[in-house]
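Next come the chains, spelled out residue by residue.
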Amino acid sequence: MDALCGSGELGSKFWDSNLSVHTDNPDFTPCFQNSVLAWVPCIYLWAALPCYLFYLWHRHQGYIVLSRLSRLKTALGVLLWCVSWTDLFYSFHGLVHGWAPAPIFFVTPLVVGVTMLLATLLIQYERLQGVRSSGVLIIFWFLCVVCGIIPFRSKILSALAQGKISDPFRFTTFYIYFALVLSALILSCFREKPPFFSPKNMDPNPCPEAGAGFLSRLSFWWFTKLAILGYRRPLEEWDLWCLNEEDRSHMVVQRLLEERKKQQEQAARHQAAEASGKRLSSEDEVLLGGRPQAREPPFLRALMATFGSSFLLSVCFKLIQDLLSFINPQLLSVLIRFISNPTAPTWWGFLVAGLMFVCSVMQTVILHQYYHCIFVMGLRFRTGIIGVIYRKALVITNSVKRESTVGEIVNLMSVDAQRFMDVVPFINLLWSAPLQMILAVYFLWQNLGPSVLAGVALMVLLIPLNGAMAVKMRAFQVEQMKFKDSRIKLMSEILGGIKVLKLYAWEPSFLKQVEDIRQDELRLMRQAAYLHATSTFIWICTPFLVTLTTLGMYVSVDKNNVLDAEKAFVSVSLFNILKIPLNMLPQLISNLAQTSVSLKRIQHFLSQDELDSQCVERKTITPGYTVTIHNGTFTWSRNLPPTLHSLDIQVPKGALVAVVGPVGCGKSSLLSALLGEMEKLEGKVYMKGSVAYVPQQAWIQNCTLQENVLFGQALDPKRYRQALEACALLADLEVLPDGSKTEIGEKGINLSGGQRQRVSLARAVYSDADIFLLDDPLSAVDSHVAKHIFDQVIGPEGVLAGKTRVLVTHGISFLPQTDFVIVLADGQVSEIGTYVALLQRNGSFANFLRNYAPDEGKEHREADSRTALEDKEDEEVLLIEDTLSSHTDLTDNEPVTYEVQKHFMRQLSAMSQEGEGQGRPVPRRRLSAAEKVVQATEAKASHVLTQEEKVEMGTVKLSVFWDYARAVGLCATLAIFLLHGGQSAAAIGANVWLSAWTGEAVVNGQQNNTSQRLGVYAALGILQGLLVMLSAITMAVGGVQAARLLHQALLHNKMRSPQSFFDTTPSGRILNRFSKDIYVIDEVLAPTILMLLNSFFNSISTLVVIVASTPLFAVVILPLAVLYLFVQVASMWLRHGN
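Residues numbered from 1 in each chain as written. Predicted model: local features only at pLDDT ≥ 70, side-chain atom pairs only at ≥ 80, totals over all residues. Heavy atoms only, no water.

Let's talk about helix 9 (residues 224-232)
Line of reasoning, step 1. Residues of helix 9 that are buried: Leu 226, Ala 227 and Gly 230. All buried residues of helix 9 lie within an arc of 100° about the axis, which places them on one face of the element. Looking at helix 9, the residues exposed on the side facing more than 90 degrees away from the buried face are Lys 225 and Arg 232. (Buried < 20%, exposed > 50% of the residue type's maximum accessible area, 1.4 Å probe, protein only. Helix = DSSP H or I, 4+ residues; strand = E, 2+ residues; numbered from the N terminus. Arc of directions from axis to C-beta.)

This is the structure in structure tokens:
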């Protein structure tokens, strides 16, 4: 480098330690300033250029209009280029005129000039790609300013010392250059306008993160507004920002589904290629594409491929943070040497302290960027997994539905998906922990020599032990999840049939069943908790035992090995770095064991058979027909005999077809086959046009009546009113509290059975589909209402006239008006023809009529007599007063006859009328005018059936902590606090003892009482481990007891809740209490409390030690405590809102 620096008046040496280090007024040589300091920003920009161009190429967001800010930044870049080339031309001018400058004066202006031109081009390319704030260029300009500060100072000091400016031209161009780069840095901190063709954000409260600048993202300044708002008042739901587009479920789930589909196709091609022994042609791929894959690709691979970019970014952040964490111990070693050297220049101490501060700040910034990245990735993992499981649950076959219970699917989406979110923050420890251990051992070797091998050997010996414990914990987790699935399945069944359960007073029986499963679950939890406590003891003791073994070996190998302050405290700081991965490893092992179980459960569920989406062909069909089945054979499961077989049906366009037959003959199964919900064994099914389906049991959403009818479509007032009028719902609107805006409870609890069926039918009518599949919609209404609906909706003169209608019915009075009738018997078509033709045949259809005709006539006589008794005021009420409750759910395979079940359900509905809530709009008896007014007032007072879930605001009440402490046990709670306090005291004692050891006088190159010092230090360390183990075991016992008591209290409370509670509370909300919330109490709360106590006592002990040694630090604590409380309060509001 000295050759580049030249000689003579303007030349200098490249490095001079007497000028830069061993002096009270340090400075760099002019050559060092003109070379290294000038090249550092340029090297950074050229090194970052390939990755940054790749990023910009794949992240085009529309171009930004050339603004005044962009013009200024471009002009500054051009001026900097001109200044650099002016320096270069000046050097050539000197060369021409005989005074040859040093080579560095040619190289540096050329390098800087080309780099400034690159920066100018980057400014414009970023504008064209829609980048509003450039982090790469902000760092580049910052480095230019920082590297320019030293020459800025040196040139002034040199001019003052010499009394003149040695090179006025370069002196002037440098200060122009410095002013320009400083201006460029300031301008780069401002954001550009949004891109010209960027999609307009229609969110009511968009997240500011998407438009935040680089510095705002780096410091999380964009979050400050919400933190201040949360400090001032409790945050409401509408205060929270909308999700960023890339974090929304429709984006995340779609990406995961596409990646999984791609891997499934690759696996299918690979499998087919292995089977055939040759490459597949494109035609073969098409043929094999529709077959179910025998081997499912690993789901984890799809997850990593989908979120791999976020994971790689987190790896970069973590790697930088890990490397930075090892700089401070080296700086600490330099600082201790500086303190012990009284002749060292004072500025050394300030420089080292400043570097330690800068290093800590950089470490904090990088670490929190890592946390933000990794937690967002965890959220995306959970979102994607829940979405994929939900979509899979919609398409699994009926045989799979028998195996995969509701409880299992609920646990997959709540507990198992959550486990992925919990393990993601620790996943980088898989490579980070070994890296930190290797670096720590390397630096310890530099400090203590071969003695460190004793500590390494101890760590290696503990690996098999922890592996065995991880395997055992995984086995416990598998068994526990089975019990959890059984418990949630049983709770789902209890909530589904809670009305019948209460009518028959079966609560104690089901209560005992749930508690028996819970006892088995708690037994496994207790064993897993003891195992986890043992693991915690081992890993708490491991860092200390490694320290003890290493230091003991160091002082024992050679009596001349003195444990001075530098060796002791640098080693302790390295051991503290080593302590972090060692302490996190047990949690990582535990989480990985649990997540591997969850991954296998999810993989097993996702690999289950799906319904064939191509079993109903919609592209080709015989002209003139909308529904066609050729030799169709269908089954609910491939291991069951066919339910329908040898079907040949053709339905002309616009025809009204009735499907009749005895109970269990397959009428509803026929509609399911047309919908593609049955497995097709042979034959072809063709349907052309959109389909609307009205099930036998009406499906009602927990929303307003209007939203139930619209079903996501836009409101057309004319068509909406026509649908309500045809389905006889206008009279209902008059008595409902808010008319169309009346909230319908879960499963339509505040509607009668007939009203639910008519709402379901109105939804189909409003959809204006081409084909209507109607599964006995008239069975849940009285005969006069059925006649009205048939005439106004289904029949030849109804609103659906001209549409293709397939009607499953038991009402023989409507059959003469149909175009033709399909008669089913034992899963086969026994007869097809018009009503008159079938009567003349005197076959199975005639037998069907003889069986049902007497009941039909009796119904008509009952209806006529009842209508005669009603006065004119109650004529409209007849259309509303549907006597069947929600339990009139008839399926083809039920053994009881239709009329017997209908009669029984009439009685059951009457019995449970009082329990169904006072919001029922139709009275069962005549009311006086005054009673009607009172009832209307009460109904309007309770318009909202499903109450919003209440969230406690403010700080967590002391009563909550007290209740949990009582559940754990007051003695156990006190013991846990005392044990943690004792552990912190032992830790302080160990550090104080080590400090006293290092300060012991050295006599003849040796320290006395080494054995005593080592023994006391070992005793204090082992005492820490024992206290932590006792605390963990006590918390394990108390946590299991609290889990048992809290679940028992919740279960008993819900089983004793009135029926009105279940009518107005969504079952999903109740089920969530027994799955997700109980999971938190079982497995999250106790470890979190231990972490809280550990952090609390560590903080207190650290403050005590610092204040005891430096009392002035107490002044700094107060403002830091205020800032900490401010952030914690804002964070608390956000967590409570969640």
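So much for the structure itself; the text now carries on.
Some thoughts on the packing of helix 3 (residues 30-57) against helix 5 (residues 104-129)
Line of reasoning, step 1. One can describe the packing of helix 3 onto helix 5 by two numbers: an axis separation of 10 Å at closest approach and a directional angle of 30°. When the interaxial angle is binned, helix 3 and helix 5 end up roughly parallel. Of the two possible hands of crossing, helix 3 and helix 5 adopt the one that is left-handed.
Line of reasoning, step 2. In terms of residue class, the contact of helix 3 with helix 5 is built from 20 nonpolar, five polar and one charged. (Axes fitted to C-alpha atoms, helices over the stretch in contact; angles between N-to-C directions. Parallel < 35°, antiparallel > 145°, perpendicular 65-115°, else oblique. Left-handed = near helix turned anticlockwise from the far one by under 90°. Nonpolar A, V, L, I, M, F, W, Y, C, P; charged D, E, K, R; others polar.)

So, the environment of Thr 628
Line of reasoning, step 1. Topologically, Thr 628 is positioned in strand 1 (residues 625-635).
Line of reasoning, step 2. Overall, the relative accessible area of 1% leaves Thr 628 in the buried class.
Line of reasoning, step 3. Expressed as a C-alpha distance, the spacing of Thr 628 and Ile 649, which sit 21 residues apart in the sequence, is 5.6 Å.
Line of reasoning, step 4. The residues touching Thr 628, leaving out its near neighbours within four places in the chain, are Ile 621, Ile 649, Gln 650, Lys 684, Val 685 and Tyr 686. (Contact = heavy atoms within 4.5 Å.)

Focus: the pairing of strand 5 (residues 691-694)
Line of reasoning, step 1. On strand 5, burial follows the alternation: Ala 692 and Val 694 on one face are buried, whereas Val 691 and Tyr 693 on the facing-out side are not.
Line of reasoning, step 2. Pairing geometry for strand 5 and strand 6 (residues 771-775), over four bridges, is parallel. The residue bridging Val 691 from the neighbouring strand is Ile 771, located in strand 6. (Pairing = 2+ DSSP bridges.)

Here's the deal with the packing of helix 5 against helix 6 (residues 135-162)
Line of reasoning, step 1. Where helix 5 contacts helix 6, the two axes come as close as 11 Å, and the packing angle between them is 150°. The orientation of helix 5 relative to helix 6 falls into the category roughly antiparallel. Note on packing geometry: the crossing formed by helix 5 with helix 6 is left-handed. Together, Thr 115, Met 116, Ala 119, Leu 122, Ile 123 and Glu 126 of helix 5 and Leu 137, Phe 140, Trp 141 and Cys 144 of helix 6 make up the contact between the two elements.
Line of reasoning, step 2. Counted by class, the contact of helix 5 with helix 6 contains eight nonpolar, one polar and one charged residues.

With respect to the sheet that holds strand 5
Line of reasoning, step 1. Strand order in the open sheet formed by six strands is 5-6-7-3-8-9, and the pairing between neighbours is mixed. If you trace the sheet from one side to the other, it starts and ends with strand 5 and strand 9 (828-833), each paired once. Taken pair by pair, the neighbouring strands of this sheet meet at an average axis angle of 15°, ignoring direction.
Line of reasoning, step 2. Bridging between strand 3 (residues 656-660) and strand 7 (residues 804-808) involves four bridges; their strand directions are parallel. Paired with Ala 658 across the two strands is Leu 807, which belongs to strand 7.
Line of reasoning, step 3. Lying over the sheet, helix 23 (residues 667-675) contacts strand 3, strand 5, strand 6, strand 7 and strand 8 (820-825), oriented at roughly 150° with respect to strand 6.
Line of reasoning, step 4. This element, helix 28 (residues 783-794), spans strand 3, strand 6 and strand 7 of the sheet and lies at about 160° to strand 7.

Looking at the pattern of salt bridges
Where charged atoms from two side chains of opposite charge approach closely, those side chains can pair.
Line of reasoning, step 1. The final tally for this structure, using the stated rule, is 25 salt bridges.
Line of reasoning, step 2. When the shortest N-O distance is used, the salt bridge between Arg 380 and Asp 247 registers 2.7 Å. In this pair, Arg 380 is assigned in helix 15 (residues 346-395) and Asp 247 in the loop between helix 9 and helix 10 (249-276), connecting sequence segments 133 residues apart.
Line of reasoning, step 3. Residue classification places Asp 247 among the buried positions, given a relative accessible area of 13%.
Line of reasoning, step 4. In this structure, the salt-bridge partner of Glu 521 is Lys 484, at a minimum N-O distance of 3.2 Å. Residue Glu 521 is located in helix 21 (residues 507-557), and its partner Lys 484 is located in helix 19 (residues 452-496); the two are separated by 37 residues in the primary sequence. The two residues Glu 521 and Lys 484 agree in class, both being buried.
Line of reasoning, step 5. Shared partners join several salt bridges into a network, and the residues in it are Arg 419, Lys 484, Arg 487, Arg 518, Glu 521, Asp 1082 and Glu 1083. (Salt bridge = Lys/Arg side-chain N within 4 Å of Asp/Glu carboxyl O.)

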